[in-house]
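Letter by letter, the chains look like this.
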Amino acid sequence: MTLEELKVRQMTNQYLIRKGAKETVVRDLCGVQAQFLGNAIHSLKIRCHDFEESTVKDGLAKNWTLRSTVHVFSEKDLPLFIRCNNGADYRRNQWNGYTFWNQRDKWALSPERQAYLSEVILEALENGSKTREELKEICREKGMTYPEETCMFEPWGGGICELCKRGFMQYVVQEKKAYCLSPAFIPMEDEEAQLEIARRYFTHIAPATIHDAMYFLGARQVEVKRWLSLLPVERTTLEGKTYFYIENGKSYDEAIPRCVFLAGFDQLMLGYQKKESLYLPPEHLRGIFNLAGIVMPALLLDGRVVGKWKKKNTKLTVTLFEQVSAEDRKAIVSHGETLWSDLKKIEFEE
């Protein structure tokens, strides 16, 4: 395949050339990353032909999934992503064994106290969703100490994360951090689930290299190679690199879009090794992947990142990384006005 053919195939598979139904999109793409919910919503807006602001959250769950990061995904996929140690830890409120969190320095929760505070949290959620601060206050009233609080409500996960990963609870699909009880489900076994996730990746995000798959799936090379040996992949090459993919029946006869406003943490940026991205020139890498771990909303022109963007209220600010023509600017303005009906001002920065 040529470079353009690879891009067309990837962008078609990611519903950036031909839109799909929301349920199909979130399942095919293994959800969308959602540290900031607005990014996830925009990611769906540019991909879903049935996107409606008022109903987009219906049928979705929000929890830690791929790469131990928070994603919005189909609630039907809870068994796929929340596997609870092959089901052995599903809704098990016992913490005597090793966990990622209780081996960290300054972990102040004994297994008994973690179980007790977990029960306090789950009982509180039986009466409906609660914000993070509401849950903290309830736990404080039940005797939670400050050191225990820093562990149970650790900013990057802690005890709350463990309750989510054991199938007890999940985030409410909203910007403000709040939690609710998860619906009952039967977790898939790890091996079956990992192969299914790999199948979706090579069907709906690929063509991709082994390094791309390692990056997106958070997997080791030996794992990716094993999955490839079990999947009906085909391969192509470009500039000495081998790309793997599974045929999915789609046609790839449409052109690369003139302009795309990608979401922050967009799957097109995260789906492939960032230093080998077909879309992101090396000189622009830090403009999108900053040193704080934030993946900025990228602006694509003809399949190439030329800047980033930010929309606040009715104003759109486009920061360009390079010189673009007057016709390019007109295309950016036109697409922005099509995408957001409430725009009143578009500003360019360089």
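Above this text sits the structure in question.
As a starting point, this report considers the structure included with it. (Residues numbered from 1 in each chain as written. Predicted model: local features only at pLDDT ≥ 70, side-chain atom pairs only at ≥ 80, totals over all residues. Heavy atoms only, no water.)

## With respect to the packing of helix α9 (residues 190-204) against helix α10 (residues 210-217)
The line we're drawing: Here an axis means a line fitted to C-alpha atoms, over the contact stretch when the element is a helix, while the angle between two N-to-C directions is reported on a 0 to 180 degree scale. Helix numbers and strand numbers start at the N terminus; a helix is a DSSP run of H or I with at least 4 residues, a strand a run of E with at least 2. Orientation labels follow simple angle bins: below 35 degrees gives roughly parallel, above 145 gives roughly antiparallel, 65 to 115 gives roughly perpendicular, and whatever is left gives oblique. In this scheme the crossing of two helices becomes right-handed for a clockwise turn of the near helix relative to the far one and left-handed for an anticlockwise turn of less than a right angle. Contacts were defined at the residue level, with two residues in contact if any of their heavy atoms lie within 4.5 Å. Three classes are used, and their members are as follows: Ala, Val, Leu, Ile, Met, Phe, Trp, Tyr, Cys and Pro are nonpolar, Asp, Glu, Lys and Arg are charged, and the others, Gly among them, are polar.
One way to put it is that α9 packs onto α10 with a least axis distance of 11 Å and a crossing angle of 125°. Taken together, the axes of α9 and α10 lie oblique to each other. When you trace α9 past α10, the crossing you get is right-handed. Across the interface between the two elements, Ile-197, Ala-198, Tyr-201 and Phe-202 from α9 touch Asp-212, Ala-213, Phe-216 and Leu-217 from α10. Taken together, the residues that form the contact of α9 with α10 break down as seven nonpolar, no polar and one charged.

## Examining the packing of helix α5 (residues 111-125) against helix α6 (residues 132-141)
Contact geometry for α5 and α6: axes closest at 10 Å, N-to-C directions at 125°. When the interaxial angle is binned, α5 and α6 end up oblique. Here the hand of the crossing between α5 and α6 comes out right-handed. In this structure, α5 contributes Leu-117, Val-120, Ile-121, Ala-124 and Leu-125 to the contact, and α6 contributes Leu-135, Ile-138 and Cys-139. The residue inventory of the contact of α5 with α6, partitioned by class, reads eight nonpolar, no polar and no charged.

## Section: the packing of aromatic side chains
For any pair of aromatic rings, the description rests on two quantities: the centre-to-centre distance and the angle between the ring planes. Defined as follows: Between rings of Phe, Tyr and Trp, where Trp is taken as its six-membered ring, a pair exists when centres lie within 6.5 Å; planes separated by under 30 degrees are stacked, by over 60 edge-to-face, and by other angles tilted.
Going through the model one piece at a time under the given rule, you end up with twelve aromatic pairs. Ring plane angle 40° and centroid distance 6.2 Å describe the contact between Phe-36 and Phe-265, whose orientation is recorded as tilted. One end of the pair, Phe-36, is in the loop between β1 (32-33) and α3 (37-45); the other, Phe-265, is in the loop between β9 (259-261) and α12 (267-270), with 229 residues separating them in the sequence. Relative to Tyr-279, the ring of Tyr-272 has its centre 6.5 Å away and its plane inclined at 35°; by these criteria the two rings are tilted.

## Some details on the nonpolar core
Keep this limit in mind: We call a set of buried Ala, Val, Leu, Ile, Met, Phe, Trp, Tyr and Cys residues a nonpolar core when their side-chain atoms join them within 4.5 Å. The cut-offs for exposure are 20% and 50% of the maximum accessible area for each residue type, with area from a 1.4 Å probe on protein chains only; residues under the lower value are buried, those over the upper are exposed, and the others partly exposed.
One finds Phe-202 and Phe-261 to be the most contacted residues of the largest nonpolar core, which totals 86 residues. When residues no more than four places from it in sequence are discounted, the contact partners of Phe-202 are Ala-208, Ala-213, Val-224, Leu-228, Leu-231, Val-233, Phe-244, Tyr-245 and Ile-246. With 27 residues, the next largest nonpolar core counts Cys-139, Met-144, Met-152 and Tyr-179 among its residues.

## Some thoughts on α10
Formally: To be clear, the arc concerns the directions from the helix axis to the C-beta atoms.
Looking at α10, one finds that the buried residues are Ile-210, Asp-212, Ala-213, Phe-216 and Leu-217. One side of α10 carries all its buried residues, which in axial view fall inside an arc of 155°. Gly-218 lies just past α10 and shows a positive phi near 65°.

## Describing the sheet that holds strand β10 (residues 298-301)
The condition is simple: One requirement defines pairing of two strands: DSSP has to find at least two bridges between them.
Sheet architecture is open: five strands sit in the order β9-β10-β11-β12-β13, paired in mixed fashion. If you trace the sheet from one side to the other, it starts and ends with β9 and β13 (345-349), each paired once. The sheet shows a mean angle of 25° between the axes of neighbouring strands, direction not considered. Bridging between strand β12 (residues 315-320) and β13 involves five bridges; their strand directions are parallel. Counterpart to Val-318 in the pairing with β13 is Phe-348.

Any link to function would need more than the numbers given here.
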